[in-house]
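Chain by chain, the residues:
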Amino acid sequence: MNSLLLLVCLLPATALAGGWNRNCITKPVGFGYKTTGGQGGKTVTPKNTNELKSYLGSNQKLIIVLDRTYDFTNSEGWATSTGCYFQKCGSGFQESLAHAGTCNGKSSTQVKYAKGPGTTEIVIGSNKSIIGKNGKGVIKGKGLRIKNAQNVIIRDISITDINPQVIWAGDALAFDNAQNVWVQGVTFARIGRQHLVSYQNQNKGITVSSCLFDGTSKNSALCDGAHYWVWLFWGTHDEITLINNHVLNTAGRTPHAGGWGKAQPYIHLIGNYMDQNPHTGIEPKTGSYILAEGNIFKKFSNVVDPEAKGGHLALVNDATQAAICKKYFGQNCKVNSLQNSKSKTWFDESVLSAFSKLDKNAINGARAASCLI
């Protein structure tokens with residue numbers, strides 16, 4: 001077992017990350033606070049990967065209990081396609097499939113990857129609760145996609161080992177026209193592409209809380225063991241709360257939001273433990289509105305990507321900025337804590353104005369539940 005995952009299983013939550021308490025969120029808060037999942041539905045425990053896929057994609061209201069490792073790594077065989085070395089900078093580099101211009105101008109090579117995770121995620125239907133049991137619920141080698149669905153809870157499971165050596169060969173969790181989702185206490189580790197991604201449809205009422213996003217990997221885009229492709233949000237109108245998560249050993253996209261003509265994601269980044277990043281963190285791109293408050297940034301070379309442009313970010317780094325929030329929310333924002341981290345000043349008040357037109361119960365409720373600072 002990965003040593004960090006072993007620590008997660010064995011140590012009390014308060015002993016992790018210098019005070020990060022994984023258990024302080026006990027109900028959905030933030031934009032996903034209305035989510036009830038499969039409550040009232042039948043409880044089932046899939047015996048194998050085929051049963052798991054069937055239950056997840058069904059039209060039934062279900063509580064799906066995961067009590068083992070469901071390993072999809074070899075489920076659909078392996079493939080070899082022309083791709084490239086994304087940045088061959090030593091040992092532990094990532095290769096890439098030739099997709100969306102990633103390989104333009106780069107040396108080509110033959111890339112081997114597991115087809116199961118690389119081609120399709122498991123689609124989750126509406127009214128589902130997916131819950132791990134006794135720390136044993138693991139989906140290995142394949143991601144999940146909440147597509148054209150609503151009212152989904154994913155709790156206390158792990159999603160791991162999705163072609164970590166290959167970019168474009170699998171995301172861990174995708175939101176694709178999703179509404180009312182609560183992702184709680186999930187561990188993400190060794191993912192080749194995004195840990196979280198929202199596609200270009202609208203994704204509203206999403207809360208991701210108390211999750212471990214472990215970027216530690218033998219394969220990384222910049223050859224330093226820190227994963228770059230973490231969170232990508234670019235829906236036409238996303239409303240996503242990220243609260244009380246531990247984000248460890250990453251190199252970028254925490255988050256990347258916006259970046260195309262119709263993108264308009266609203267991202268509330270609150271009370272997260274952002275732990276070690278040697279490159280860049282928040283990437284506000286065109287169309288994005290990001291409110292970042294009450295987070296700890298520890299050993300971040302750049303809390304904000306110095307090359308990011310076009311987006312809107314309110315990074316609350318002092319008491320004066322925090323007090324401006326009262327005009328919009330009836331209460332102050334929380335101040336971020338920078339620990340051995342470099343941050344440019346980026347406090348765009350238009351973010352507060354934009355957020356004030358959204359559900360204030362969601363925004364203020366997340367602030368009340370934030371327990372890190």
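Relevant structure appears above.
Residues numbered from 1 in each chain as written. Predicted model: local features only at pLDDT ≥ 70, side-chain atom pairs only at ≥ 80, totals over all residues. Heavy atoms only, no water.

Enquirer: What is the right way to read the pattern of salt bridges from this model?
Expert: A side chain of one charge can pair with a side chain of the opposite charge when the charged atoms of the two come close. Within the structure shown, the criterion is met by ten salt bridges. Note that K140 and D71 form a salt bridge whose closest N and O atoms lie 4.0 Å from each other. With K140 in strand β9 (residues 138–140) and D71 in strand β3 (residues 69–71), the pair connects residues that are 69 residues apart, well separated along the chain. With relative accessibility at 29%, the residue K140 sits in the partly exposed group. The class for D71 is partly exposed, based on a relative accessible area of 40%. (Salt bridge = Lys/Arg side-chain N within 4 Å of Asp/Glu carboxyl O. Helix = DSSP H or I, 4+ residues; strand = E, 2+ residues; numbered from the N terminus. Buried < 20%, exposed > 50% of the residue type's maximum accessible area, 1.4 Å probe, protein only.)

Enquirer: Help me understand the pairing of strand β23 (residues 273–277) in this model?
Expert: In regular strands, side chains alternate between the two faces of the sheet. Taking burial as the measure, the five residues of β23 include four buried ones, the bulk of the element. The pairing of strand β20 (residues 246–248) with β23 spans three bridges and is parallel. From the neighbouring strand, V247 faces β23, where its bridge partner is M274. Across four bridges, β23 lies against strand β26 (residues 296–300) in parallel orientation. (Pairing = 2+ DSSP bridges.)

Enquirer: Please explain the nonpolar core as it appears in this structure.
Expert: The nonpolar side chains of soluble globular proteins are, as a tendency, buried together. Ranked by internal contacts, the top residues of the largest apolar core, which has 54 residues, are I146, I154, F175, F188, L196 and W231. Dropping the residues within four chain positions of it, I146 is found in contact with I124, V152, I154, L173, A174, F175, D176, A178 and V181. Ranked by size, the runner-up nonpolar core spans 19 residues in total, among them V316, F347, L352 and A354. (Core = buried A, V, L, I, M, F, W, Y, C linked by side-chain atoms within 4.5 Å. Contact = heavy atoms within 4.5 Å.)

Enquirer: Honestly, the packing of aromatic side chains in this entry has me stumped. Any pointers?
Expert: Each aromatic ring pair is characterised by the separation of its centres together with the angle its planes make. Tallied over the entire structure, the rule returns nine aromatic pairs. On the numbers, 5.5 Å between centres and 85° between planes, the contact of Y85 with F93 is edge-to-face. Of the residues examined, Y85 reaches a relative accessible area of 22% and is grouped as partly exposed. With 4.7 Å between their ring centres and 5° between their planes, F188 and F213 make a pair best called stacked. In this pair, F188 sits in strand β14 (residues 187–191) while F213 sits in strand β17 (residues 212–214), placing the two residues 25 residues apart along the sequence. For the pair shown, F188 and F213 are each scored as buried. (Phe/Tyr/Trp six-rings, centres within 6.5 Å; stacked < 30°, edge-to-face > 60°.)

Enquirer: Explain the sheet that holds β23 to me, please; I cannot follow it from the model alone.
Expert: The strands making up a sheet are joined through hydrogen bonds of the backbone, oriented either antiparallel or parallel. Read from one edge of the open sheet, nine strands run β3-β9-β11-β14-β17-β20-β23-β26-β28, paired in parallel fashion. The open sheet terminates on both sides in strands that have one partner only, identified here as β3 and β28 (337–339). Adjacent strand axes in the sheet meet at a mean angle of 10°, parallel and antiparallel pairs treated alike. Taken together, the three bridges between β3 and β9 define a ladder with parallel strand orientation. The residue of β9 that forms the bridge with T69 is V138. (Axes fitted to C-alpha atoms, helices over the stretch in contact; angles between N-to-C directions.)

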